[in-house]
Amino acid sequence: MKLHDTSLFKQQAYVNGEWVSADKTLPVHNPATGNVIAYIPMLGASDIRTAIKAAESAFHDWRAKTAAERSTLLRQWYRLILDNQDDLATLMTTEQGKPLRESKAEVGYGASFIEWYAEEAKRAYGDLIPATRSSQRIMVTREPVGVVAAITPWNFPNAMIARKVAPALAAGCTIIIKPSELTPLSAFAMAELAERAGIPAGVINIVTGDAKEIGAELTSSTIIRKLSFTGSTAVGKLLMKQCADSVKKVSLELGGNAPFIVFDDANVEQAIQGAIASKYRNSGQTCVCMNRLFVQEGIYDEFVEKFAEAVSKLTVGPGLDGDFNQGPLINEAALLKTKSMVDDALAKKGRLLTGGRPHSLGGLFYEPTVLANAAMDMKCYQEEIFGPVAPVFRFHHEDDVITMANDTRYGLAAYFYANDLSRVFRVTESLEYGMVAVNEGVLSTEVAPFGGIKESGIGREGSKYGLDEYLEMKYVLLGGI
Ligand code: ADP
């Protein structure tokens, strides 16, 4: 791993403005090679309590700053992240595996949230409400919720942190982040840049160690007033239960089972490009990745043939060694899950059009795969694949595909391609999802509210709405006027 600025490579946790080690450590691997690239501290429960206390003490001064002061610091952090985009991307590809081009794009995407919330910090407006008595006035102000805990996943090691830290800090909250133990280096490097930007000690803290133990400390603490989590639905539910005892505010970004529907009147070429972008980005390991591809009967055969041909041309390799379309999967469990999804589909009469096997490169690489004749009894119909596999289902009528698209406990992102205007409105309104993309395969942006319904989560990240997650309303009644 070659960095221009080697001091961005940190192997210590960051608590109260100090870099902290521990006797026990945990190795971090490069998924493209299997090599150990770093050892990170396994902090104990008392270290986590120290971090919570640090965030609590920093909160008083941080919230007392003007929004403009917080905004300036966020903006400095944003600039430093962009100035170091190449190094941050190299670190990310080394620990996560995604192609360097995708890592660079993610660093830019993460930074866009910091810039956005540097601006939104100044817009935490309140309200004046006409009172019911002439001697009274009613005011609503908005205050930071307090100390926040964030638990983030490995699939977007930078952006999932930026999406939480930026609105939290903008609102006046301080934060303790537990990044995924698989991708902590991006988190440490972001903390180093936050320190250089002048963000005071204790405002951002990064802790690593045993996930369960840290989760238990963070959720049981009465100092922490909010948990923001991105990860699997199973862990999200567990953390939500753990937060119930202290009635914490929660934001959860959980799993998805995104339908991607191509109607007869769609532009097939554009739909193919959209489906590839939606499915194979990050080797299929994003919560908004298309999980089920539904294609209408009239264009099914043409679509699957062209789609499979385009997918067969995607290149696979280590992200640091060349400009490949796809890197490795994150770990052995991800590889086994992908294999089992494909085996299950093939056992149930799925037809393999391309891919379908671990890649000849070995290790954690898997071939970009397309399966035709997908059916509702296959695992991939209900479960999130989280790998580079596209099952293609055939449908006849609009009503049928809406029923199938909504036939899931998830409700994060949905995509469809169509040109008939009334159909576009009908389908958009019928889809039970927090986000719907029409004639587009990628929908995340800092200016729009990202989030799901049903078992995909609670709350929104990004946009003007994202700041609300870190603010509480205070109603003030002024009498005797
Ligand atoms: P994935 O299956 O995509 O790895 P997880 O939900 O397991 O998703 O992981 C997301 C984040 O949640 C990671 O930071 C992980 O360490 C953390 N995590 C996993 N289990 C727990 C737990 N029991 N308590 C708190 N955090 C957890």
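Shown above is the structure to which this text applies.
For clarity, every value in this text was computed on a predicted model and none was experimentally measured.

A. Inspection of the sheet that holds strand β20 (residues 471-478) at higher detail. The antiparallel open sheet is built from 3 strands, whose spatial order is β5-β6-β20. Single-partner strands in this sheet number two, and they are β5 (127-129) and β20. Ignoring strand direction, the axes of neighbouring strands in this sheet form an average angle of 25°. Sheet topology note: the strand β6 (residues 137-144)/β20 ladder contains 8 bridges and is antiparallel. Note that in β20 the partner of E143 across the bridge is E472.

B. Seen up close, the sheet that holds strand β15 (residues 369-372). Taken in spatial order, the 7 strands make up an open sheet running β14-β15-β16-β13-β12-β17-β18, and their pairing is mixed. Here the strands that pair on one side only, and so sit at the sheet edges, are β14 (351-354) and β18 (435-438). Taken pair by pair, the neighbouring strands of this sheet meet at an average axis angle of 25°, ignoring direction. Relative to strand β12 (residues 258-262), helix α9 (residues 268-280) is tilted by about 170°, and along the sheet it contacts β12, β13 (290-296), β15, β16 (389-395) and β17 (413-417).

C. Up close: α9. The first and last C-alpha atoms of α9 sit 18 Å apart over 13 residues, in line with the 18 Å expected at 1.5 Å per residue. Residues V268, A271, I272, G274, A275, I276, S278, K279 and Y280 constitute the buried set of α9.

D. Here's a closer look at the packing of aromatic side chains. Following the criterion strictly, the structure yields 10 aromatic pairs and no others. Ring geometry for F263 against F395: centres 5.5 Å apart, planes inclined by 85°, an arrangement best described as edge-to-face. With F263 in the loop between β12 and α9 and F395 in strand β16, this pair connects stretches of sequence that are 132 residues apart. By way of ring pairs, the aromatic residues F260, Y415 and Y417 are connected into one cluster. A cation sits over an aromatic face here: K226 above Y470, 4.9 Å from the ring centre.

So, how was this worked out
Residues numbered from 1 in each chain as written. Predicted model: local features only at pLDDT ≥ 70, side-chain atom pairs only at ≥ 80, totals over all residues. Heavy atoms only, no water. Pairing = 2+ DSSP bridges. Helix = DSSP H or I, 4+ residues; strand = E, 2+ residues; numbered from the N terminus. Axes fitted to C-alpha atoms, helices over the stretch in contact; angles between N-to-C directions. Contact = heavy atoms within 4.5 Å. Expected span 1.5 Å × (residues − 1). Buried < 20%, exposed > 50% of the residue type's maximum accessible area, 1.4 Å probe, protein only. Phe/Tyr/Trp six-rings, centres within 6.5 Å; stacked < 30°, edge-to-face > 60°. Lys NZ or Arg CZ within 6 Å of the ring centre and 35° of its normal.

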